[in-house]
Amino acid sequence: MKITVIGCGRWGSFITWYLDKIGHDVTLYGRSSSKHMQQFLETRSNDLLTLPESVKLVTDLKNINDSDAIVISINSQGLRNLMNELASYNLKNKIFVLCMKGIEIETGKRLSEIVTENTNESNKVAVWLGPGHVQEFYNGIPNCMVIDSDNSSVKEYLVKEFSGDLIRFYYGKDLIGNEIGAAAKNVIGIAAGMLDGLNLSSLKGALMSRGTREVARLIKAMGGNELSAYGLCHLGDYEATVFSKFSHNRTYGEMYVKGEKYDSLAEGYYTVKALVSLGKKYNVELPICNAVYDVLYNNKDPKESLDSLFSRKLKQEF
């Protein structure tokens, strides 16, 4: 396949490296103003990996129509602007593969919906989700991930083309559940970091159990399969998000409650705002998400928010 990867951050750079490694013709696009792209142009490396000479590096999209697939790994809140930018290229018969996790704050829409609504109907959309860190993949540690799409033939094609020794892909069967679950796990990651910052890491087991349960309720209310919350998109990604030293969201949550600054992107910061709105829209109780939201947006004391979770009305586990 001829593939253009849009986004030169840590995940976009890994995807570029991986797809080249398994034999595809890959071009990495980054804006000329991006410090990440400038580093690649100068050294072909960042602080995580080195891209081989077979990968083409570009700062414009003039040849994007030559690609079979367009893989996107950017800040989820910037996706709509990117699609507006791509409209001038009149793309047709392409496969868009979304490799980021989030929900648009203003509309509550899933990322696949944004692409579908802003591209030619001949184009197909898929998502690539699941656990794993660049540092571990690059060092040869494998993992399992999921690819999902409303188009079954596209899903099967991508699983076949993207599978390799490092990643075992599963076929997703619930685009709603996979997208919501993947986005929500970043919020649980922030909550986990807050527990670490409060020296309450032993509560992570309860956080994972109850967090998965409330996300499952939301997925079901939105028309998805609640079991998706227990799959690779959400629960299966918890080790990489709730415990790992490499997790941006967990680290952000820990540093936030310690009053320390964190400069890297933590998608859960934006996602929690969208999830709280979706919870109200679909009349679903999301106590953990609401607690994280109150801390981040309403300046509520993290310990008070935790206490409020423990003082909620007693209820059955399921």
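One can find the structure itself at the top, above this paragraph.
On a predicted model such as this, the values are computed, not experimentally measured, just so you know.

## Brief notes about the packing of helix α7 (residues 175-197) against helix α11 (residues 268-281)
- In contact at an axis separation of 8 Å, α7 and α11 are set at 115° when each is read in the N-to-C sense. The interaxial crossing formed by α7 with α11 has left-handed handedness. Contact with α7, carried on its side by Ile 180, Ala 183, Ala 184, Asn 186, Val 187 and Ile 190, involves Gly 268, Tyr 269, Thr 271, Val 272, Leu 275 and Leu 278 of α11 and no other residues of that element.
- Class assignment of the residues belonging to the contact of α7 with α11 gives a composition of nine nonpolar, three polar and no charged.

## Digging into the packing of aromatic side chains
- With the rule as written, the count across this model stands at 15 aromatic pairs.
- Judged by centre distance (6.2 Å) and plane angle (45°), the ring pair of Trp 11 and Phe 137 falls under tilted. Taken together, the residues Trp 11 in helix α1 (residues 10-21) and Phe 137 in helix α5 (residues 134-138) connect sequence positions 126 residues apart. Phe 137 matches Trp 11 in its accessibility class, with the two residues each being buried.
- Look at Phe 14 and Phe 137: their rings are 4.8 Å apart centre to centre, the planes differ by 10°, and that puts the pair in the stacked class. With Phe 14 in helix α1 and Phe 137 in helix α5, the pair connects residues that are 123 residues apart, well separated along the chain.

## Here we look at the side chain of Ser 247
- Within the fold, Ser 247 resides in the loop between α9 (238-243) and α10 (248-257).
- Within the structure, the side chain of Ser 247 is placed 3.1 Å from the backbone nitrogen of Arg 250, a separation counted as a polar contact.
- Excluding its chain neighbours within four sequence positions, the residues that come into contact with Ser 247 are His 133, Ala 240 and Thr 241.

## Describing the environment of Met 100
- With respect to the secondary-structure elements, Met 100 resides in the loop between β5 (95-98) and α4 (111-117).
- Remark: the alpha-carbon pair of Met 100 and Ile 74, spanning 26 residues in sequence, is separated by 6.6 Å.
- Among all residues touching Met 100, those that are not within four sequence positions of it are Ile 72, Ser 73, Ile 74, Ser 76, Leu 79, Leu 111 and Leu 129.

## A closer look at helix α2 (residues 35-43)
- Where α2 begins, one side-chain oxygen reaches toward the backbone nitrogen of His 36, 3.2 Å away; that side chain belongs to Ser 34.
- Looking one or two residues beyond α2, the residue adopting positive phi is Arg 44, at roughly 60°.

## Description of the environment of Lys 273
- Among the structural elements, Lys 273 can be located in helix α11.
- Since its relative accessible area comes to 33%, Lys 273 is described here as partly exposed.
- Spatially, the C-alpha atom of Lys 273 lies 9.8 Å from that of Asp 294, the residues being 21 residues apart in sequence.

## Thoughts on the pattern of salt bridges
- Under the defined criterion, the tally for this structure stands at 18 salt bridges.
- For Asp 25, the salt bridge is made with Lys 56, and the minimal N-O distance between the two is 2.5 Å. Of the two residues, Asp 25 is situated in strand β2 (residues 25-29) and Lys 56 in strand β3 (residues 56-58); the sequence distance between them amounts to 31 residues.
- On the accessibility criterion, Lys 56 (39% relative accessible area) is partly exposed.
- A salt bridge links Lys 204 to Asp 196; the shortest N-O distance between them is 2.8 Å.
- The exposure class of Asp 196 is buried, given its relative accessible area of 13%.
- Sharing partners across several salt bridges, the network here consists of Asp 196, Lys 204, Arg 250, Glu 254 and Lys 258.

## Brief notes about the pairing of strand β8 (residues 167-171)
- Inspection of the sheet shows strand β7 (residues 143-149) paired to β8 by five bridges, in the parallel sense. Bridge pairing in β8 places Cys 144 opposite Arg 168.

## A short note on the packing of α7 against helix α12 (residues 287-297)
- One can describe the packing of α7 onto α12 by two numbers: an axis separation of 10 Å at closest approach and a directional angle of 65°. Between α7 and α12, the interaxial angle falls into the category roughly perpendicular. Our pair here, α7 against α12, has a crossing hand that is left-handed. In this structure, α7 contributes Val 187, Ile 188, Ile 190, Ala 191 and Met 194 to the contact, and α12 contributes Ile 288, Cys 289, Val 292, Val 295 and Leu 296.
- Tallied by class, residues from the contact of α7 with α12 come to ten nonpolar, no polar and no charged.

## What to know about the sheet that holds β5
- Taken in spatial order, the eight strands line up as β3-β2-β1-β4-β5-β6-β7-β8 in an open sheet, and their pairing is mixed. Edge positions in the open sheet fall to β3 and β8, since each of these has one partner strand only. Looking at each pair of strands side by side, their axes are set apart by 25° on average, direction ignored.
- Relative to strand β6 (residues 124-129), β5 runs parallel, the two sharing four bridges. Its bridge partner being in β6, Leu 98 is matched across the sheet by Val 127.
- On the sheet, α2 packs against β2 and β3 and is oriented at approximately 135° with respect to β3.
- Taken strand by strand, helix α6 (residues 152-162) contacts β1 (2-6), β5, β6, β7 and β8, and its axis lies near 150° from that of β7.

Conventions adopted
Residues numbered from 1 in each chain as written. Predicted model: local features only at pLDDT ≥ 70, side-chain atom pairs only at ≥ 80, totals over all residues. Heavy atoms only, no water. Axes fitted to C-alpha atoms, helices over the stretch in contact; angles between N-to-C directions. Helix = DSSP H or I, 4+ residues; strand = E, 2+ residues; numbered from the N terminus. Left-handed = near helix turned anticlockwise from the far one by under 90°. Contact = heavy atoms within 4.5 Å. Nonpolar A, V, L, I, M, F, W, Y, C, P; charged D, E, K, R; others polar. Phe/Tyr/Trp six-rings, centres within 6.5 Å; stacked < 30°, edge-to-face > 60°. Buried < 20%, exposed > 50% of the residue type's maximum accessible area, 1.4 Å probe, protein only. Polar contact = N/O pair within 3.5 Å; in protein donor to acceptor, adjacent residues only side chain to side chain. Salt bridge = Lys/Arg side-chain N within 4 Å of Asp/Glu carboxyl O. Pairing = 2+ DSSP bridges. Parallel < 35°, antiparallel > 145°, perpendicular 65-115°, else oblique.

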